[in-house]
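Structure at a glance
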Protein chains: 2
Amino acid sequence: MKKVKPISGFPEWLPQQKLIEDAYIARIKTVYESYSFTPIETSAVEPIEVLAEQGVTDKEIYGLRRLQDEDESIESRLGLHFDLTIPFSRYVAQNLDKLKFPFRRYQLQKVWRGERPQKGRFREFYQFDADLVARDELPLCCDAEIIGMMNRAFRSLMIGPYTISINNRKCVLGYLQTLGIAESLFKDVLIVVDKLHKIGRDKTLVELGLEGVSDLQANKLLDWCSVKLNAVDFLSSKQDEMVSGLEQIGLKELREMLSLVPEDALGNIIVDPSLVRGLDYYTGLIFEVTLPEHPNYGSVGGGGRYENLVSRFSNQSLPGVGGSIGLTRLMDLILSANLHASIFPKCLPQLMITVLSEEQRSQCNKVAERARKYGIPTEVFYKSTRLGKQIEYASDRNIPFVVFLDEDGQKIEIKDMKLKSQTEVPNFDEWCRHLAGTLCT
Amino acid sequence: MKKVKPISGFPEWLPQQKLIEDAYIARIKTVYESYSFTPIETSAVEPIEVLAEQGVTDKEIYGLRRLQDEDESIESRLGLHFDLTIPFSRYVAQNLDKLKFPFRRYQLQKVWRGERPQKGRFREFYQFDADLVARDELPLCCDAEIIGMMNRAFRSLMIGPYTISINNRKCVLGYLQTLGIAESLFKDVLIVVDKLHKIGRDKTLVELGLEGVSDLQANKLLDWCSVKLNAVDFLSSKQDEMVSGLEQIGLKELREMLSLVPEDALGNIIVDPSLVRGLDYYTGLIFEVTLPEHPNYGSVGGGGRYENLVSRFSNQSLPGVGGSIGLTRLMDLILSANLHASIFPKCLPQLMITVLSEEQRSQCNKVAERARKYGIPTEVFYKSTRLGKQIEYASDRNIPFVVFLDEDGQKIEIKDMKLKSQTEVPNFDEWCRHLAGTLCT
């Protein structure tokens, strides 16, 4: 006998938890579909050189090896994907002549990262992405559509308040130019700024110094980063008129985009200059979704605009914008903080048929078949043990209704387990039709 | 720019094909749920020693390695699962005190096998499993439930006739005993018999000879294997009274099980003594589903009873029985043979709002929001290019209805793209409510 232990970083849910996850998935899917997004799925693996181009060295990739293979020539070039954006870009480039543009797609798949597992950070987890890619030109209304849709998706989860922090890469790059910081330092400076909210101002100043940023520059930069405005205030401010260059372009883009976001979303949006996001394929809008009542959980969603990602695999210009919901992290939080009050997962099972004797089983099966025709999840007890034991099982599994047949299978009685009442049901089909009408889907 | 090519054995569908796959998934899920099965999902990886115990050496396992890791101590012990039965067994053993028994679960996940890709055989593919596990004792009615449910699942797909070939491991083992073949040869003999339908009788006789089986024994065995009966004939035959020992036990089990299978399933079932199935964790019933009109595709489903699989990970006795549908192989066949006439995938998208000018876009967004409230998949065209181009796109994407707003956004006209008629819609909400009622889900 092999003693099995859970593998750290690879979470698994119990059946009742999986039902809750499925219910949240259905809500997000409904929102994505209401915006006309269609599903795709890509293979779990990609050639390493597709995954590991510039800007992804901060993700730990799981490579594959065939255990029975001496010649590792093929599989050693494959790795598990660590996000869905890069596989999506590769898929678009590969199917360029078969897709219609603008192409809206959603994608729910697991991704893998060989990082050290922590609270809310896993090695295997679901991402639920939606992206919009166009040929040549992608107007800012597409950024607004993604932000509006993400707002709608998080609202549909009903797990309390959420904040969508937004920024534009051009703003911070523009301000670094204004400060006179050398372009060669930009990447490392952004990596430090990205840690600001984790390590605090003092440590960030020290680290910026180590990167070659002067004290004055570093202080100015962090002051600039600290000015956060909610979207409504941002729209009524004249920030973009007071600056110039790339920073101004970024602010103007944010303004134009926000003017197209539905009004009910604006209250959840904060413009946060310190928002950086690690992956450097983003070129304009970036955003992150957090839950203010659960600050320790970090972001549960994010995304942005990428001008050149698909272009990596195609000689055509295909800018894109998209967002991702960190479903597994969200589920971990929802389950541990008991946030799923609004979820009534598909009520499974509904009906159990008791079995008096093995001779009666075929009769019981036929009654079950009748109920299933109405879509009622039904099981026949697997043994003809004493009725008390059968009812106990139904009670343990929260099965609301239990059926009893008399010995010749003509008379049907049904026990309502909640009301503890048992009555004869002369018209079983009618009873089933009625129950089916009350089932949540 | 990196030129990307598909990876052999890792199939991907186009969006319209993925919608069809989703529709088939929904049908199978509906059947599994109607039998009170609940979903679980296990991690994609297992410790190698969980995957690679006895009887699984015929599957090629993909091991993991962390690219950035010098110390491969942890990840080198992990591999991608190659089926869902072993992970399920491990999951049951691990959550023994949190599950209710008999435990019915379904599980739809990808599995990976490093085999040479062929027509209908992939390296990454979906399996859609349903298993039933009990404590200590699992009556034969559970085997009948699985066969009945698989029959229902394949019927729900509406892709033409299917055959469920069944056998009982005890029959062939018993007959090998009767023939006086040494027990030490059983495993190798079964491996040869398993290839019978592929390599033909003559080659099989030769190979049996090489394994040390006498000519007489080999001929008797293959004669015995060739007697296939449909389930109705099997039930009216007295086969089990003419034999003894383990073979008789196997035949009696098949008879008892078939007597509990719904009548409408019997016509699809054939008792086939030559059916072996490679994996040797099966101990009683084994079955395979094939499509007689597509003989080259091999089996599209299968399963059986395993007395000791969960027991590998727990000191308790937990016999199980289950089946698996090879969804990806099935989809490959359905798509290439155009069998999906009965599928009307969720009609996505439904409505497109044209945009006269960027000033009008916010108005258009609001109209879209109204339609989405009724669950209508709606998109707003992403540019305010000339209307002809916008309508062309809607036509390309098969969007059935296109909305036009007048300049101040008060008047709504809708073009029915199929009828090519355009009319003013004074009450847009009423129109949406009507459309929503006609949408397939």
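Figured I'd write up the structure that's included with this text. On a predicted model such as this, the values are computed, not experimentally measured, just so you know.

Scoring rules and cut-offs
- Residues numbered from 1 in each chain as written.
- Chains lettered and ligands numbered in written order.
- Predicted model: local features only at pLDDT ≥ 70, side-chain atom pairs only at ≥ 80, totals over all residues.
- Heavy atoms only, no water.
- Pairing = 2+ DSSP bridges.
- Helix = DSSP H or I, 4+ residues; strand = E, 2+ residues; numbered from the N terminus.
- Contact = heavy atoms within 4.5 Å.
- Buried area = accessible area lost by both parts, 1.4 Å probe.
- Salt bridge = Lys/Arg side-chain N within 4 Å of Asp/Glu carboxyl O.
- Nonpolar A, V, L, I, M, F, W, Y, C, P; charged D, E, K, R; others polar.

**As for the sheet that holds strand β5 (residues 103-112) of chain A**
Residue and element names in this part refer to chain A. The strand order across the open sheet formed by 9 strands is β1-β5-β6-β12-β11-β10-β7-β9-β8, and the pairing between neighbours is mixed. A strand with exactly one partner marks an edge of an open sheet, and here the two such strands are β1 (38-39) and β8 (229-230). In the sheet, strand β7 (residues 163-168) pairs with strand β9 (residues 269-271) via 3 bridges, with the strands oriented parallel. Bridge pairing in β9 links I164 to I269.

**Here's the deal with the side chain of D143(B)**
In this fold, D143(B) is placed in helix α4 (residues 140-157). Among residues more than four places away in sequence, those in contact with D143(B) are M257(B), L285(B), R305(B) and V321(B).

**A few points about the environment of L285(B)**
Here L285(B) shows up in strand β10 (residues 285-290). Residues L285(B) and N168(B), spaced 117 residues apart in sequence, show a C-alpha to C-alpha distance of 4.3 Å.

**Observations regarding the interface of chain A and chain B**
Taken residue by residue, the interface counts 99 residues in chain A and 99 residues in chain B. Here chain A meets chain B over a buried area of about 8,800 Å², counting both sides, of which 55% is carbon and sulfur. At the junction of chain A and chain B, the tally comes to 13 salt bridges. Note that R152(B) and E369(A) form a salt bridge whose closest N and O atoms lie 2.0 Å from each other. Across the side of chain A that touches chain B, the residue classes break down as 44 nonpolar, 20 polar and 35 charged. As paired elements, strand β3 (residues 62-66) of chain A and strand β3 (residues 62-66) of chain B share 5 bridges and run antiparallel to each other. From the neighbouring strand, G63(A) faces β3(B), where its bridge partner is R65(B).

Purely spatial values, then, with no claim about function.
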